[in-house]
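Now for the letters of each chain:
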Amino acid sequence: MAGIVELDALLSSMEPALIDAEFVFCTVSGVLSDYVELEPLATFREAEGLTLLLEKSAAESANIAFEGVYRQITLTVHSSLDAVGLTAAVSTKLAEKGISANVLAAYYHDHIFVQAEKADSALKALQEFSTEP
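Residues numbered from 1 in each chain as written. Predicted model: local features only at pLDDT ≥ 70, side-chain atom pairs only at ≥ 80, totals over all residues. Heavy atoms only, no water.

### Some points on the nonpolar core
The condition is simple: Here, nonpolar core means buried Ala, Val, Leu, Ile, Met, Phe, Trp, Tyr and Cys residues that are tied together by side-chain atoms lying within 4.5 Å of each other. A 1.4 Å probe rolled over the protein chains alone gives each residue an accessible area, and that area as a share of the maximum for its type sets the label: buried under 20%, exposed over 50%, partly exposed in between. Labels follow the DSSP assignment, with helices taken as runs of H or I lasting at least four residues and strands as runs of E lasting at least two, numbered in each case from the N terminus.
Met14, Ile73, Leu75, Val90, Leu94, Val114 and Leu126 are the most contacted members of the largest nonpolar core, which has 19 residues in total. Among the secondary structure elements, those contributing two or more residues to this core are α1 (7-13), β4 (70-75), α3 (86-96), β6 (110-115) and α4 (119-127). Core analysis: the next-biggest nonpolar cluster, separate from the first, contains ten residues, Val24, Cys26, Val28 and Ala59 among them.

Here it is, written out as structure tokens:
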């Protein structure tokens, strides 16, 4: 099933969903197999180290340092990986409210990680897309 490409259709039909868990971004040395038991939500290898996106409780139990705590908002619309402008529209909307957006695009949906204390405000801001004329 192909995802939606047209930006207006994506924005008007998405129903952002706030996930209950708290997440943290960590950087570690070593290889992914060293951290699989922590069940990272996402990983990315950079020159400086391996980035793990973990539930906060997993990072704390493994004594892995982190700086901020984030909540996940999933844009529950099947967006195409070829769609143009969705990330820009979402990050612009959140920036207008003083909220940073850490975007992770997966096959079916886009996931926005926002500061935990601003998650409710971010959700309300993103819901504005479906009410705008």
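### A word on unusual backbone geometry
With phi around 50 degrees, Glu39 is a residue other than glycine that occupies positive phi space. A relative accessible area of 67% means that Glu39 is categorised as exposed. Positive phi values are uncommon outside glycine, yet Asn63 reaches one of about 55 degrees. Mapped onto the fold, Asn63 is located in the loop between α2 (56-61) and β4. On the accessibility criterion, Asn63 (71% relative accessible area) is exposed.

Limitation: the analysis is restricted to geometry and does not speak to function.
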